[in-house]
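For reference, the chains in residue letters:
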Amino acid sequence: MPKSKTENKSGLMEKIVSLCKRRGFVFPGSEIYGGLQGFYDFGPLGVEMKNNLKQLWWDWMTRKHEDIVGIDGAIITNPKVWEASGHLKSFVDPLVECKKCHHRFKADDISAECPDCGGNLTEPKVFNILVPTQLGVIEDEKTNAYLRGEACQTIYLDYKSVLDTTRLKIPFGICQIGKAFRNEVTPGNFLFRQREFEQWDLQWFCRPEEMEKWFKYWKNERMDWYKSIFTHPENLGFYEHEKLAHYAKKAFDIEYAASPIGNGKEMEGIHWRGDWDLSRHAEFSGQDLSYVDLETGEKFIPNIVETSGGVDRTFLFLLLDAYCEEKDRVVLKLYPKIAPYKVAVFPLLANKPELAKLARSIYDNLKINFITAWDDRGNIGKRYYAQDEIGTPFCVTVDFESLEDKKVTIRERDSMKQERIAIDELAEYIKKQLE
Ligand code: GAP
C-alpha cells in the first residue's frame with residue numbers, strides 16, 4: 001500500500017484521544033464515576049485492533065521461532081517472588097510533594113518548583129510502585145500480596161516446568177503476553193503511562209558465553225518486527241540506557257521518535273538480565289534452578305536476554321503514526337493486518353431491497369474469513385470517510401450494475417483507487433491484498 005508521511009503533528013495526541021473515544025477504540029476507565037487516573041477500557045474497535053496486534057506478535061514469536069514456547073501465568077504470585085526479584089527494595093520512584101498545593105511529582109520529571117502553583121517542594125522520598133493487595137477471608141489472617149509489577153517473573157518461576165514438559169534445549173525462549181500493574185506517581189499521556197497495562201515479553205535462555213551474540217540478535221530481530229508493522233518505520237530508533245534497572249547489565253530501548261509527547265518514548269526494552277533472576281529465585285526458594293546439558297553433563301544457571309514491550313504503548317504509537325489528514329478526510333493508514341475491520345460492505349442505496357439483499361449475501365460470505373463492517377447509512381462518500389477514519393483497508397459497494405454483471409466496486413483506503421471485481425473473486429482478492 002502507498003505510504004505518506006503525517007506532516008502536521010500539532011495537537012495530534014488530542015486528536016487521537018478524541019478519535020479513540022468517538023469511534024470506540026479506547027474509553028476512559030470508570031468514566032461514569034468520574035474516571036480513575038491511569039486506567040482505560042478498550043472499546044469494540046480497540047479490542048479488535050489490540051487482538052490483531054497481539055496475535056501478530058504471538059505468531060511471530062511462536063511460529064517463526066521453533067525454539068520459543070508460550071505460557072500464560074497468574075497475575076498474583078507468592079509475595080516472596082518480589083523480594084527475590086529485587087522489586088520490593090528497588091522498584092521505586094523518587095517522589096516530591098509541593099508544600100503549598102500538596103501535588104506529588106516524580107522527582108526526575110521536574111526542576112526546582114511546583115509546575116502547578118510554583119510552590120516549594122519537599123526533599124525527594126522513595127516510593128515503591130508495586131501495587132499491594134490482600135488475600136483471604138478472615139480479617140486478621142489476610143495475606144499481603146502484590147499484583148505483578150512486571151509480567152516476566154512468572155516465566156522464571158515456570159522455567160523448570162517448561163523444560164520438563166517440552167523438548168527444548170538451550171538456547172530457547174519462553175514468551176508471554178500479560179497484564180502488569182504499577183502505582184505510577186504520574187500516570188498520563190493517555191495509554192503511555194498507565195497503572196494497569198499489558199506487556200509482551202520474551203525471555204531467551206542461553207549459555208553465559210553466548211550472551212553478547214544473542215543480545216545483539218534479539219535487539220535487531222525486535223526492531224525488524226516493529227518496522228514491519230509501522231506506517232513510517234523511519235520513526236523508530238534505539239536508545240541505550242546509562243541508568244540501568246536493578247536487574248540489567250545493559251539495556252536498549254526501541255523508541256518511537258516522532259511522538260508528540262516529548263521525552264519518554266520507549267516502546268520496548270531489550271535487557272541483559274544475565275543470571276540475576278534465576279540465581280535470586282534459586283537462593284530465595286531453595287530450589288536448584290540450574291540447567292543440565294544432557295549430552296555433556298554440564299550444569300549451569302542460564303543467562304537471559306529479555307525483550308519486554310508495551311502492548312498499549314505500541315497500540316498508541318501505531319495510531320499516532322498512522323493518522324493522516326488529507327484534504328477533506330482523516331485516514332488511519334494502519335498496517336492492514338492490524339486494522340480492526342478488514343473490509344466494509346455497502347449497498348449503494350439502503351431502500352432498494354434487491355441491492356440490500358445482494359450486499360447482505362456478500363457481507364455474510366466475507367465475514368466468514370474477515371472481520372467485516374456493514375454500513376447502509378447516509379451517502380457513499382460519508383461511508384467511505386467513516387471507514388477511512390478507523391483504518392478499514394477496503395470498502396465494497398454494491399450498485400445497480402452489480403445486479404446485472406455480478407461485479408462490485410472495491411476501493412482501497414490509502415490510494416482511494418477503485419476497481420470492479422467479480423463477486424465470486426472478491427474474498428480471494430482481499431486475502432491476497434492483505435498478505
Ligand atoms: N520486564 C521488564 C520490564 O518490565 P520495563 O522497561 O519496565 O521492563 C517494559 O517495561 C515495557 O512495558 C516498556 O517498554 C513499556 O512499553 C511498557 N510499560 C512500562 N510501564 C508502563 C506503563 N506505566 N504504562 C504503559 N506501558 C508501560
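Parameters and conventions
Residues numbered from 1 in each chain as written. Predicted model: local features only at pLDDT ≥ 70, side-chain atom pairs only at ≥ 80, totals over all residues. Heavy atoms only, no water. Core = buried A, V, L, I, M, F, W, Y, C linked by side-chain atoms within 4.5 Å. Buried < 20%, exposed > 50% of the residue type's maximum accessible area, 1.4 Å probe, protein only. Helix = DSSP H or I, 4+ residues; strand = E, 2+ residues; numbered from the N terminus. Contact = heavy atoms within 4.5 Å. Pairing = 2+ DSSP bridges. Axes fitted to C-alpha atoms, helices over the stretch in contact; angles between N-to-C directions. Near = heavy atom within 4 Å. Polar contact = N/O pair within 3.5 Å; in protein donor to acceptor, adjacent residues only side chain to side chain. Areas by Shrake-Rupley, 256 points an atom, 1.4 Å probe, with all protein chains shown as cover. Nonpolar A, V, L, I, M, F, W, Y, C, P; charged D, E, K, R; others polar.

Visitor: Hey, could you run me through the nonpolar core in this one?
Guide: Across soluble globular proteins, nonpolar side chains show a tendency to be buried alongside one another. Judged by nonpolar contacts, the single largest core of 57 residues is most densely connected at Ile16, Phe25, Tyr226, Ile229 and Phe230. Of all the secondary-structure elements, those providing two or more residues to this core are helix 1 (12–23), helix 2 (44–62), strand 9 (172–181), strand 10 (196–206), helix 6 (211–229), strand 12 (251–256), strand 13 (266–274) and helix 8 (311–322). Ala359, Tyr363, Ile410 and Leu426 belong to the second-largest nonpolar core, a separate cluster that totals 19 residues.

Visitor: Would you mind showing me how to read the side chain of Ser402 here?
Guide: Counting through the fold element by element, Ser402 comes out in helix 11 (residues 400–405). Looking at Ser402, the relative accessible area reads 0%, which means it is buried. Excluding residues within four positions of it along the chain, Ser402 makes contact with Leu358, Thr397, Lys407, Val408 and Arg420.

Visitor: Just checking my understanding: could you explain the sheet that holds strand 13 for this structure?
Guide: The strand order 3-9-10-16-13-12-11 describes an open sheet built from seven strands, whose pairing is mixed. Looking at which strands have only one partner, the edges of the open sheet turn out to be strand 3 (68–70) and strand 11 (236–240). Shown here is a sheet whose adjacent strand axes are inclined to one another by a mean of 20°, direction ignored. The pairing of strand 3 with strand 9 spans three bridges and is classified as parallel. Bridge pairing links Gly70 to Cys175 in strand 9. In this fold helix 2 packs onto strand 3, strand 9, strand 10 and strand 16 (303–310), with an angle of close to 160° to the strand it touches most, strand 9.

Visitor: Could you clarify how one ought to interpret the site of the ligand in this entry?
Guide: Lining the immediate environment of the ligand, one finds 22 residues, of which Glu150, Gln194, Glu266, Met267 and Glu306 sit closest. Contact distances for the ligand include 2.6 Å between a nitrogen atom and a side-chain N or O atom of Glu150. The contact in question runs from an oxygen atom of the ligand to an N or O atom on the side chain of Gln199, over 3.0 Å. Taking 560 Å² as the accessible area of the ligand by itself, protein coverage stands at 94%. Among the elements that line the shell around the ligand, the one with the most residues is strand 13, at six residues. Tallied by class, residues from the shell around the ligand come to six nonpolar, seven polar and nine charged.

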